[in-house]
Amino acid sequence: MSLRIALAAGTPLAETLDLFAAAGVPVAPLRQVGASPLQELPDGTVVLATRAADVPLFVERGGADIGVVGKEILVEVERDVYELLDLRVGRARLVFAQPEDASGAWDEEHGPSRVRVATRFPETTRRYFEASGRQVNVLALEGPVEAAPRLRLADGVVDLVRSGETLRRAGLTEREQIAEYSLRLIAGRAAHALRAAEIGALIGRLRELTERSESGGEA
Amino acid sequence: MIPEGMRDVLPAEAAALHALEELLRARFAAYGYGEVRTPALEFLETLELADDDMVEGGYRVFDEQGRELMLRTDLTVPCARLAATRFRERPLPLRFSYVASAFRSPSASRAQDGEFAQAGVELIGASGPEADAEVVALLCDVLAATGLPEFTVSLGTVAFHTAMVASLRLSPDQEQAVLDALAARDYPLFESIVGNADVDEASRRALQKALDLGGGGEAVHQARKLAGSAGMEDAIDHLVQVRDIVEDYGFRDLVRIDFGLHPGLSYYTGVIVEAYASGTGLPVAQGGRYDNLLASFEWPVPAVGFAIAIDRLGMAMEDARVALPQRPRPLAVAGGLREPALMAALRRAGLDALAVPVGEQPPREPALYREGSQWVLRRGGRIARGSLKELRRELEVP
């Protein structure tokens, strides 16, 4: 039986498709403008491109055998899946940012006693500030967060940045880097056992590609 | 109307579950495992004795004296408590089975209802590959009996992880980090810790392959290559023996060795087993050897067992469209409440009969109703008319 794959839609999708194409998965139909998010590829592989945060659930419950999703999602939502390979693409940084004119990150004397932080990653944000003993009021948003400080909803944001352009345009300055993430190949526990041969073969090819590009990048 | 994670089971599903539970009981009995029923409530202290995992998410209750009780969170600990308190003087081994509910608050990471049905066995007072193999073979037997077309039973061992980590000669901090990464099933993290540690390239490759490959002869071959310590060699030999004995029971190609398998519960000490079927992403059964659990009840004897998640197994069967034989639908008899003699005769003849109101033509088959002076029997797409006497043959149990 062919594999069923769930891919995180959005920015990292193009890099994922490049990698899968190089590994011999005929993903061309997914690149077409207006392509349906659920496709059966010429080799029988079924691919779903969906909201990144939903990929782990599809994989955990067996809706998909494997998935590709950013590590930021895997640390944010705890799901029982195998994390098999670091694809080393789709790199992004999670940062804490504040308006340029805000007085420092944490000013115990003059600043607010509890800082309000808007984010799409509430769990990770809470853990990060807790670990350094700082009190925050986490505002979990589903959509873009960069407007929150200007509209006085929050004192700062924790968000994923690639170029950093979005934050700059919103007048936000990066204060702290929380973590650096990349895309991961994940597999469901049942698929990991029942589709071991197919998944193993794909991992072998992807591992070769990621290791080659890594050593090429260093050269 | 009902607490989160609780659910009603309606007649059609209840009938299917009943058929499945009867099948499980029959297979357990075929290996001589005696069914036990333990109370839903245990002392919190009893569950805590076994393991911290056991009270996680448990529903806490107080009795009138203010003692803290908990709804059982699995059946293995109650079975161990029962064995240690009531069967100490009996010859070993003991064989128990159960089909019962356990309870834990639902949460995103637990992926199960607050009340979940489990069916399993415990083999207490026996160790060695033969004992492990009996339990694994019974699991294969049960899953095969359900008619599931595609399932697999993975065998791993706690001993392999411990010995493997020891053979890498890491610092104590690194050792803990590696074990945590394996527990989180986070292979990139695992590889980066091993990569940064002082581990030679050949071992690193063999390790990565043993984990990547999951099961089969090649994984065993790779694992042997890096088996630096006697502990690891023994762990591999033990697994291979268990698999071979299970195959001797007639369950070929169902069992695979998986060195990446990590015990979900910390009371496991040796072989661990998980079963998977398509249609559910999470295991339909889990188990393993727990040689220290009985010692928590001051009776140090070895034990091994497994628990099937009945709901997940049911889902897998539904997904594969395999159904167990169930009682046929009852014959709907119009005006049955006014025909006690007729209803009694039908039931004596072995038919399930359901009384529906007079004058209403029963909407579904099989049905028996009056049309003028005649009775009409609709059954299996056929219609027969006549007096009850004339319909007698038609009414016989098929």
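Residues numbered from 1 in each chain as written. Chains lettered and ligands numbered in written order. Predicted model: local features only at pLDDT ≥ 70, side-chain atom pairs only at ≥ 80, totals over all residues.

Novice: Please provide a residue-by-residue account of the overall build of chain A, values included.
Specialist: Scanning chain A from terminus to terminus reveals seven helices and eleven strands. Overall, the C-alpha framework of chain A stretches about 65 × 35 × 35 Å when taken along its three principal axes. Per-residue burial for chain A yields a buried fraction of 42% across its 219 residues. For chain A, the share of sequence-separated contacts (at least 6 apart) that also reach a separation of at least 24 residues comes to 65%. (Helix = DSSP H or I, 4+ residues; strand = E, 2+ residues; numbered from the N terminus. Buried ≥ 20, exposed ≤ 12 C-beta atoms within 10 Å, placed from the backbone. Contact = placed C-beta atoms within 7 Å.)

Novice: Break down the sheet that holds strand β7 (residues 151-157) of chain B for me, citing the residues and quoting the values.
Specialist: Residues and elements named next belong to chain B. Across the sheet, eight strands lie side by side as β1-β5-β6-β11-β10-β9-β7-β8; this open sheet has mixed pairing. Among the strands making up the open sheet, the edge pair consists of β1 (34-35) and β8 (255-257). Where β7 meets strand β9 (residues 271-277), seven bridges bridge the pair, whose relative direction is antiparallel. Residue pairing across strands places Thr 157 opposite Val 271, the latter belonging to β9. This element, helix α11 (residues 310-319), spans β6 (115-124), β9 and β11 (303-309) of the sheet and lies at about 55° to β11. (Pairing = 2+ DSSP bridges. Axes fitted to C-alpha atoms, helices over the stretch in contact; angles between N-to-C directions.)

Novice: An account of the packing of helix α1 (residues 11-30) of chain B against helix α4 (residues 129-145) of chain B is requested, with residue identities and associated values reported.
Specialist: Residue and element names in this part refer to chain B. Running from amino to carboxyl end, α1 crosses α4 at an angle of 145°, the nearest separation of the two axes being 10 Å. The handedness of the crossing between α1 and α4 is right-handed. Along its contact with α1, which presents Leu 23, Leu 24 and Arg 27, the element α4 presents Leu 138, Asp 141, Val 142 and Ala 145. A breakdown of the residues in the contact of α1 with α4 according to their chemical character gives five nonpolar, no polar and two charged. (Left-handed = near helix turned anticlockwise from the far one by under 90°. Nonpolar A, V, L, I, M, F, W, Y, C, P; charged D, E, K, R; others polar.)

Novice: Any chance you could break down the interface of chain A and chain B for me, citing the residues and the numbers?
Specialist: Between chain A and chain B, the residue contacts involve 22 residues of the former and 24 residues of the latter. Within the residue set of the side of chain A that touches chain B, elements represented by two or more residues are α2 (55-60), β5 (82-86), α6 (189-194) and α7 (196-218) of chain A.

Novice: Now, about helix α7 (residues 187-196) of chain B: what can you tell me, with residues and values included?
Specialist: All names here are of chain B. Residues of α7 that are buried include every one of Tyr 187, Phe 190, Ile 193 and Val 194, and no others. Down the axis of α7, the buried side of the element spans an arc of 125°, and every buried residue falls inside it. When the buried face of α7 is taken as reference, the exposed residues oriented beyond 90 degrees from it are Gly 195 and Asn 196. (Arc of directions from axis to C-beta.)

Taken by themselves, the reported measurements are silent on function.
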